[in-house]
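Secondary and tertiary structure notes
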Amino acid sequence: MSDVVHRPNICSYELTVENALHFSALTGKKPLYWDNYPVNDANMINEFHIGPITGRSADLYKYSEGFVANPMEYMESSMISLCTIGEY
């Protein structure tokens, strides 16, 4: 693991095992992710997330308590994203 850890933002394009390990080292607990994908409000108002989720480490589940998705206000447009999050 690198000494430099990318710090996630409220709207992160990637979530990594390194992020989870860093959080756990600081708090003594595993993170619970509330992922702001595919939401498209606030800072992402000009983005339309209708594709599959990407940028999440495949084995992140081993280092976290869980993963919650935050759909956009257009529920039907969120379906592909939510289905891939379910598979993730």
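All residue numbers refer to positions counted from 1 along the written sequence of the respective chain. Where totals are concerned, whole chains, interfaces and linings use all residues; where local detail is concerned, this predicted model gives features only for residues with pLDDT of at least 70, and gives and counts side-chain atom pairs only at 80 or more. Hydrogens and water molecules were not included; the side-chain quantities draw on all heavy atoms of the structure.

1. Some remarks on the side chain of T16
Stated formally: In this text, helices come from DSSP runs of H or I with a minimum length of four residues, and strands from runs of E with a minimum of two, each type numbered from the N-terminal end. Think of it in three bands: with a 1.4 Å probe and only protein chains considered, a residue is buried below 20% of the maximum accessible area for its type, exposed above 50%, and partly exposed in between. Polar contact is the term for a pair of N or O atoms within 3.5 Å; when the atoms are in protein, one must be able to donate a hydrogen and the other to accept it, and sequence-neighboring residues count only if both atoms are side-chain atoms.
Position of T16 relative to the elements: it lies in the segment before α1 (17–27). Relative accessible area serves as the criterion here: at 16%, T16 is assigned to the buried category. For T16, the side chain forms a polar contact with the side chain of N19, separated by 2.9 Å.

2. Describing the environment of S78
Its location among the elements puts S78 in helix α2 (residues 75–87). Overall, S78 belongs to the buried group, its relative accessible area being 0%. Placed 26 residues apart in sequence, S78 and P52 show a C-alpha to C-alpha distance of 9.7 Å.

3. A look at the confidence of the model for the protein chain
Operational definition: For every residue, the predictor states its confidence as a pLDDT score lying anywhere from 0 to 100.
Here the protein chain shows a mean pLDDT of 80. Residues at 70 or above account for 75%. The lowest-confidence element of the protein chain is strand β1 (residues 32–38), averaging 79 in pLDDT; the highest-confidence one is α1, averaging 95.

4. Quick word on the pattern of salt bridges
As a reminder, the rule being used: One speaks of a salt bridge when a side-chain nitrogen belonging to Lys or Arg is within 4 Å of a carboxyl oxygen belonging to Asp or Glu.
Scanning the entire structure with this criterion turns up 1 salt bridge. Between D35 and R56 there is a salt bridge; the shortest N-O distance is 2.7 Å. Placement of the pair is D35 in strand β1 and R56 in the loop between β1 and β2 (66–70), with a sequence separation of 21 residues. Across the pair, exposure class does not vary: D35 and R56 are buried alike.

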